[in-house]
Amino acid sequence: MTNTVLQYALYLVILAALAIPLGAYIGKVMNGEKVFMSRILVPCENFLYRILHVKKDEEMNWKKYAVSVFAFSGISLIFLFLLQMLQGVLPGNPEGIEGMSWHLSFNTAVSFVTNTNWQAYSGEAQASYLTQALGLTVQNFVSAAVGIAVLFAVIRGFTRVKTQGLGSFWVDVTRIILYVLIPLAVIVSIGIASQGVVQTLKPYETVDLVEPAAVDADGNILEDAVIDGDTVTVDGKDVDGAQIITQQVVPLGPAASQVAIKQLGTNGGGFFGVNSAHPLENPTPFSNMLEMLSILLIPVSLCFTFGRNVKNKKQGAAIFAAMFIMLAAALAIIAVNEQAATPQLAAGGAVDLSQSGQSGGNMEGKETRFGIASSATWAAFTTAASNGSVNSMHDSYTPLGGMITMLQMMLGEVIFGGVGCGLYGMLAFAILAVFIAGLMVGRTPEFLEKKIEPYEMKMAVLACLATPIAILAGSGIAALVPGVADSLNNSGAHGFSEVLYAYSSCGGNNGSAFAGFGANTPFLNVSLGLVMLFARFVPIAAVLGIAGSMAGKKKIAVTAGTLSTTNAMFIFLLIFVVLLVGALSFFPALALGPIADFFQMIG
């Protein structure tokens, strides 16, 4: 048990140790300061500005910045939609995979453009190499860059005085991709490829099985079959129509390059259908650690970047502390519940739940090469970030373990959250917190030496409530549609949890799923796509509005009555506000799903 706790602690310590210097580096890059790669990358950056006719010193007001974000994302969506529809007639498709349906193409295009990477398809079966590389991987870079760019526009709104300029969206995106995402992706790609993650353009390979397998006429594997030549018997009886399988198709492709950026950019879409549980996408404990740390590396770093760029490192540390406390609590709850397993598994010694020589606990849906600790940590990290990649199946988690993964998404993905979007979402909660504190002491609320007035409050409330509105409205409507029941793997409370998780994942820009949920239907593809669009772009518009308003304000002097936003009291007030909004919004839905599932389990 002690070793397991040390494993959890080690993951968190390594994450924080890597994030602090990276945060300083990102801050320098976005300020245009000289960094160690400037000699190589500045000429590349200037060349891109020339060919794209971008003014390096342009200052956009918040409306122009928002229009640029929406236009860039809209063009990306149309391109990716058409690429998927037409992949059957385009090159880079050695397996001859047909084009996707219009509704699946819409869903997937929206998913990757919004940095959600929800997948209603299996990558190796329904996406060509060209679609994976030119479409999905490119969006993994640019959608992540959009989120970080918006964050820096918000930071400039807090630091600039009596101006309208928030910087240039095009310059911000270029710098993020060139200086941050590409170098990190190269490092992680090489690291995981060295562990066996495939990176090739070769067609899929057919290999001989070590042992033949038998399937019945419906294609179901016969577990206890005895194969003797061409004869298949089960319990001594011949099986009519049984087929003997001696070969297997091994899917290949440029996986390492996409896996690296899907983790670093909190994208999360799996190159293969079972995501990072697949042995060709995540083969070893070391590749697992690299990928898992990559998920939260940039979101954690941006907390320290924020403190540096607003010239108040304590402020960044306070935001980090609030996020870190919530992440550690979530991880602890998931870990305890998965290690304890369920009464059904323990009943009569049906399953050995001890940790003697094995992981113990609830290993259903988890890979034996990772065990409980790495699976629980990944589940906490990926749902804290708007990442969504998985190395275990969340549908098989205990009710409370699965509930925590769901709750982290419901809170707006602000427990570190996605690259950029997690921090600007938390800043909206910080504005709510100082407003509540101001009401309690009878003072005008202030944040970073600027007054918080009605306009900023309206926009902050809109940003904070966009996710609950999208999730609850979407899942409520879906629960009323009769055909949705056919997509469920379970009935009752757990079946409702599958629906609620799906809309929480899309509304929280996460992308993970309860694995049993079959979402590839016209209604689900379109409704989930609309939820993703709403939950991504409404908060972006709101926080940019806040940034524009704050940039036009003057700074006010800090006095003895000014609420400190860097001390322990504010940290816990911020945590309280985040949890309060989540509890008020989602407790009834959680009561019908995972909480009811829990009481059914113990009953």
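Going by the structure above, here's the rest.
It should be emphasised that the depicted structure is a prediction, and the values quoted were computed from it without experimental measurement.

Draft legend 1. Region of interest: the nonpolar core. Counting residues in each nonpolar core, the largest one holds 148 residues, and the members touching the most others are Ile298 and Phe429. Broken down by element, the residue count for this core peaks at 15 residues, all from helix α6 (residues 129-159). Beyond its immediate sequence surroundings of up to four residues, Ile298 is in contact with Leu22, Ile26, Ile148, Val180, Leu181, Leu184, Leu264 and Val419. Core analysis: the next-biggest nonpolar cluster, separate from the first, contains 29 residues, Leu80, Met100, Val113 and Val531 among them.

Draft legend 2. Focus on unusual backbone geometry. Here Asn115, not a glycine, exhibits a phi torsion of approximately 70 degrees, which is positive. Given a relative accessible area of 1%, Asn115 falls into the buried group. Despite not being glycine, Glu413 has its phi angle at roughly 55 degrees, a positive value. Along the chain, the position of Glu413 falls in the loop between α13 (399-410) and α14 (421-441).

Draft legend 3. Layout of a nonpolar patch on the surface. Taken together, the side chains of Ile78, Leu82, Met85, Leu86, Val89, Leu90 and Trp102 make up a nonpolar region of the molecular surface, amounting to roughly 680 Å² of accessible area. Sorting elements by how many residues they give to the nonpolar patch places helix α3 (residues 62-86) first, with 4 residues.

Draft legend 4. Molecular detail of the pattern of salt bridges. This model, assessed by the stated rule, comprises 11 salt bridges. The residue Lys366 makes a salt bridge to Glu338 at a minimum N-O spacing of 2.8 Å. In this pair, Lys366 sits in the loop between α11 (343-346) and α12 (371-384) while Glu338 sits in helix α10 (residues 313-340), placing the two residues 28 residues apart along the sequence. You'll find Lys366 and Glu338 in the same group, each marked buried. Overlapping salt bridges, with partners in common, bring together Glu453, Glu456 and Lys553 in one network.

Draft legend 5. Representation of α14 within the structure. Look at α14: 31 Å from first C-alpha to last across 21 residues, which is about the 30 Å you get at 1.5 Å a residue. Taken across its 21 residues, α14 has 16 buried, putting it largely inside the fold.

Draft legend 6. Spatial organisation of the side chain of Asn93. The topology assignment puts Asn93 in the loop between α3 and α4 (102-113). In contact with Asn93, not counting residues within four places along its chain, are Gln87, Gly88 and Ser128.

Draft legend 7. Inspection of the packing of aromatic side chains at higher detail. Counted by the stated rule, this structure contains 13 aromatic pairs. Ring centres of Phe72 and Phe169 lie 5.9 Å apart, and the angle between their planes is 65 degrees; this geometry places the pair in the edge-to-face category. Taken together, the residues span a long stretch of sequence, with Phe72 in helix α3 and Phe169 in helix α7 (residues 169-193) at a distance of 97 residues. Ring geometry for Phe169 against Trp170: centres 4.9 Å apart, planes inclined by 75 degrees, an arrangement best described as edge-to-face. On the basis of relative accessibility, which here comes to 0%, the residue Phe169 falls in the buried class. With a relative accessible area of 31%, Trp170 lands in the partly exposed category. In textbook terms, an aromatic cluster arises when at least three aromatic residues are bridged by ring pairs, as seen for Tyr65, Phe72, Phe169 and Trp170.

Draft legend 8. Inspection of the sheet that holds strand β4 (residues 237-238) at higher detail. The 3 strands are arranged β2-β3-β4 in an open sheet whose pairing can be described as antiparallel. Both edges of this open sheet fall to β2 (226-228) and β4, since each of them pairs with a single strand only. Where β2 lies against strand β3 (residues 231-234), 3 bridges are found, and the strand directions are antiparallel. Bridge pairing links Val226 to Thr233 in β3.

Draft legend 9. Quick look at the environment of Thr233. Tracing the backbone shows Thr233 in strand β3. The exposure class assigned to Thr233 is buried, which follows from its relative accessible area of 17%. As a C-alpha pair, Thr233 and Leu222 span 11 residues in sequence and 9.4 Å in three-dimensional space. Residues contacting Thr233, with those up to four places away along its chain left out, are Asp224, Ala225, Val226, Asp238 and Val239.

Draft legend 10. Main features of the packing of helix α16 (residues 492-507) against helix α18 (residues 568-602). Between α16 and α18, the least distance of the axes is 8 Å, while the angle of their chain directions is 140 degrees. Here α16 lies oblique to α18, going by the angle between them. Handedness of the α16/α18 crossing: left-handed. Residue-level contacts link Ala493, His494, Phe496, Ser497 and Leu500 of α16 to Ala589, Leu590, Leu592, Gly593, Pro594, Ala596, Asp597 and Gln600 of α18. The class makeup of the residues in the contact of α16 with α18 is 8 nonpolar, 4 polar and 1 charged.

Draft legend 11. Region of the structure containing α6. The end-to-end C-alpha separation of α6 is 44 Å, in line with the 45 Å expected for 31 residues at 1.5 Å each. By the criterion of burial, α6 is predominantly enclosed, with 26 of the 31 residues buried.

Draft legend 12. Molecular detail of the packing of α7 against helix α9 (residues 285-309). Following both chains from N to C, one finds α7 and α9 inclined at 165 degrees, their axes separated by 10 Å at the closest point. On the basis of the axis angle, α7 is roughly antiparallel to α9. When you trace α7 past α9, the crossing you get is left-handed. On α9, the residues touching Val180, Leu181, Leu184, Val188, Gly191 and Ile192 of α7 are Ser287, Leu290, Glu291, Ser294 and Ile298.

What counts, and where the lines are drawn
- Residues numbered from 1 in each chain as written.
- Predicted model: local features only at pLDDT ≥ 70, side-chain atom pairs only at ≥ 80, totals over all residues.
- Heavy atoms only, no water.
- Core = buried A, V, L, I, M, F, W, Y, C linked by side-chain atoms within 4.5 Å.
- Buried < 20%, exposed > 50% of the residue type's maximum accessible area, 1.4 Å probe, protein only.
- Helix = DSSP H or I, 4+ residues; strand = E, 2+ residues; numbered from the N terminus.
- Contact = heavy atoms within 4.5 Å.
- Patch = residues over 30% accessible without salt bridge, like charges linked within 9 Å, V, L, I, M, F, W, Y side chains within 5 Å.
- Areas by Shrake-Rupley, 256 points an atom, 1.4 Å probe, with all protein chains shown as cover.
- Salt bridge = Lys/Arg side-chain N within 4 Å of Asp/Glu carboxyl O.
- Expected span 1.5 Å × (residues − 1).
- Phe/Tyr/Trp six-rings, centres within 6.5 Å; stacked < 30°, edge-to-face > 60°.
- Pairing = 2+ DSSP bridges.
- Axes fitted to C-alpha atoms, helices over the stretch in contact; angles between N-to-C directions.
- Parallel < 35°, antiparallel > 145°, perpendicular 65-115°, else oblique.
- Left-handed = near helix turned anticlockwise from the far one by under 90°.
- Nonpolar A, V, L, I, M, F, W, Y, C, P; charged D, E, K, R; others polar.

Just distances and angles here, no functional claims.
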